[in-house]
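Structural characterization, general
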Amino acid sequence: MKPLDYYLLFVAAPVVLVLALIEGIVLSLRQKYDWRAFGVSAFDLVSRIAVNLLLPLSIATPLVRWAYMHRLTTIQLNTGLSILLLFIGQEFCYYWYHRAAHRVRWFWSTHAVHHSPNDLNLSAAVRIGILSKLTGTAVFFTPLIWLGFDIRTVFSVLTLNLLYQFWIHATWIPKLGWLEGILNTPSAHRVHHAANTEYLDANFGGVLLVFDRMFGTYVAEREDLPCRYGLVQPVTSYNPLKIELAQWFSLLRDLAKARSPRAFFGYLLMPPGWVPDGAGNTTAELKAREQGQAQEQTQKQGQAQTLFPSARN
């Protein structure tokens, strides 16, 4: 076991779980706290550690090895420039991984576990999904290895990125002024976890939100639009296995009923909610329908004011 593995297993994991527990105790003194959801998250954390120990490889391992064997050079982290390059490169790769985790159903089938809690708190941060290695998400970080960064260093920095994101799952931390829109803050991450149509598929950055600003996925939290957490179709079960596997079973059912290669690969690679006939519930379709309903309501109000002008007085 590598030093980082020891640190994650015997230091980081217990610390984040204890901090989530302390937050739960404090919050439960002020409001209703979902301890059953806390239990599901704790199950996810322990099970994921066990899976990672028993299954050290992922389906992306062959590509990771190929990238290492054909790396352009070897980059040593012995200068400030090389460290900065790794940090920015990691953020760039993480942004596209996280965006794909929401917009490619194969990756969403595991990432949805992280978004399944109906309350946002520190315990939700440790609910990541026990099958993440089987989806091959490591593929998004192979460009850094191909450029010349050490494999262990790349994934160690990814681990630090994820540890940073632990604290931003708190709902009791207010907006942080000028840092909003630059760093990934609790406010920005509340938007990311919200199921409101206006907030869907936003704020994918890890530590920074620079690439969200660059690629048009940054959305600020609005005072007039409180966040509703969880999935678009809320999860009501507390069965941890059902929560972990529900999206996968749904995907398998859709793949089984596919009647064409387009439908099969569409179910696999298109956004969650996609259907072959185009009348699905993807984020784009949900937003388009909601915008259409808002426009229709505005038109009706305009017609009413035209027919009954006295109603404006």
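Here, residues in each chain are numbered from 1, in the same order as that chain's written sequence. Note on the predicted model: pLDDT of at least 70 is required for a residue's local features to be given, and 80 or more for side-chain atom pairs to be given and counted; whole-chain, interface and lining totals, by contrast, use all residues. Derived side-chain values reflect all non-hydrogen atoms in the structure, with water molecules and hydrogen atoms excluded from consideration.

Right, let's get into the environment of Q31. Numbering of helices and strands runs from the N terminus, with a helix taken as a DSSP run of H or I at least four residues long and a strand as a DSSP run of E at least two residues long. With respect to the helices and strands, the residue Q31 is situated in the loop between helix 1 (3-30) and helix 2 (35-54). Taking the C-alpha atoms as reference points, Q31 and V16, separated by 15 residues in sequence, lie 22 Å from one another.

The next point concerns a nonpolar patch on the surface. Put simply, a patch holds well-exposed residues, over 30% relative accessible area, that have no salt bridge, with like charges counted together within 9 Å and Val, Leu, Ile, Met, Phe, Trp or Tyr side chains within 5 Å. Computed by Shrake-Rupley with a 1.4 Å probe, the accessible areas treat only the displayed protein chains as cover when residues are assessed. Within this document, salt bridges are pairs made up of a side-chain nitrogen of Lys or Arg and a carboxyl oxygen of Asp or Glu, the two lying within 4 Å of each other. Judged by side-chain polarity, Y6, Y7, F10, V11, V15, V18, L19, I22 and V26 come together as a nonpolar surface patch covering roughly 790 Å² of accessible area. Relative to the helices and strands, F10 resides in helix 1.

Working definition: a ring pair exists when centres of Phe, Tyr or Trp rings (six-membered ring for Trp) sit within 6.5 Å. Plane angles under 30 degrees give stacked, over 60 give edge-to-face, the rest tilted. Under the criterion given, the structure shown has 19 aromatic pairs. A centroid spacing of 6.3 Å and a plane angle of 45° characterise the contact between Y97 and F141, whose relative ring orientation is tilted. Placement of the pair is Y97 in helix 4 (residues 80-103) and F141 in the loop between helix 7 (132-135) and helix 8 (142-147), with a sequence separation of 44 residues. Both rings, one in F264 and one in F265, keep their centres 5.3 Å apart while their planes meet at 80°; by these two values the pair is edge-to-face. Only protein chains enter the accessibility calculation, which uses a 1.4 Å probe; a residue whose area is less than 20% of its type maximum is buried, one above 50% is exposed, and one in between is partly exposed. Classification of F264 by relative accessible area gives partly exposed; the value is 32%. Grouping aromatic residues by their ring pairs yields a cluster made of F92, Y95, W96, F204, F211 and F215. The ring of Y68 has R71 sitting right over it, with the charged end atom 4.1 Å from the ring centre. Any Lys NZ or Arg CZ found within 6 Å of a ring centre and within 35 degrees of that ring's normal is scored as a charge over the ring.

Moving on to helix 13 (residues 261-269). Within helix 13, the full set of buried residues consists of A263, G266, Y267 and L268. In what follows, residue pairs with any heavy atoms lying within 4.5 Å of each other are defined as contacts. Where the residues of helix 13 are buried, they touch helix 5 (105-111) and helix 12 (240-257).

In the Ramachandran plot, D201 falls in the positive-phi region, its phi being about 55° despite a non-glycine side chain. With respect to the secondary-structure elements, D201 resides in the loop between helix 10 (186-193) and helix 11 (210-215). Overall, the relative accessible area of 15% leaves D201 in the buried class. At N203, a position not held by glycine, the phi torsion is positive, near 60°. For N203, the position within the fold is in the loop between helix 10 and helix 11. Residue N203 is classed as buried on the basis of its relative accessible area, which comes to 0%.

Turning our eyes to something else, we now look at the pattern of salt bridges. Any two side chains of opposite charge can pair, given that their charged atoms come close. The tally for this structure, following the rule as stated, stands at seven salt bridges. Of the charged contacts in the structure, one is a salt bridge between D44 and R48, with a shortest N-O distance of 2.3 Å. Residue D44 and its partner R48 are both found in helix 2; the two are separated by four residues, about one turn of the helix. Each member of the pair, D44 as well as R48, carries the same accessibility label: buried. Its salt-bridge partner being D201, residue R103 comes within 3.5 Å of it at the nearest N-O pair. Of this pair, R103 sits in helix 4 while D201 is found in the loop between helix 10 and helix 11, placing the two residues 98 residues apart along the sequence. Relative accessible area serves as the criterion here: at 27%, R103 is assigned to the partly exposed category. Residues joined by salt bridges that share partners form a network here, namely R105, D254 and K257.

On a scale of 0 to 100, pLDDT captures the predictor's confidence in every residue. Here the chain shows a mean pLDDT of 92. Residues at 70 or above account for 95%. Model confidence for the chain, summarised as mean pLDDT per element, is weakest for helix 14 (residues 283-307) at 80 and strongest for helix 10 at 98.

This next bit is on the side chain of S58. Here S58 is to be found in the loop between helix 2 and helix 3 (61-69). Polar contacts, as counted here, are pairs of nitrogen or oxygen atoms within 3.5 Å of one another; within protein the pair requires one atom able to donate a hydrogen and one able to accept it, and residues that are adjacent in sequence qualify only if both atoms are side-chain atoms. From its side chain, S58 meets the backbone nitrogen of A60 in a polar contact 3.1 Å long. Those residues in contact with S58, other than ones at most four positions away along the chain, are K133 and A138.

Quick look at the packing of helix 12 against helix 13 now. Every angle, taken between N-to-C directions, lies between 0 and 180 degrees, and every axis is a line fitted to C-alpha atoms, over only the stretch in contact when it is a helix. Here helix 12 crosses helix 13 at 170°, and the two axes come no closer than 8 Å. Compared by their axis directions, helix 12 and helix 13 come out roughly antiparallel. In this structure, helix 12 crosses over helix 13, and the sense of that crossing is right-handed. The segment helix 12 lies against helix 13, with L251, D254, L255 and K257 engaging F264, Y267 and L268. Three categories are distinguished: nonpolar for Ala, Val, Leu, Ile, Met, Phe, Trp, Tyr, Cys and Pro, charged for Asp, Glu, Lys and Arg, and polar for the others, with Gly belonging to the last. Along the lines of polarity and charge, the residues of the contact of helix 12 with helix 13 split into five nonpolar, no polar and two charged. In these notes the angle categories are as follows: under 35 degrees is roughly parallel, over 145 is roughly antiparallel, 65 to 115 is roughly perpendicular, and the rest is oblique. Crossings are classed by handedness, with left-handed meaning an anticlockwise turn of the near helix from the far one by less than a right angle and right-handed meaning a clockwise turn.

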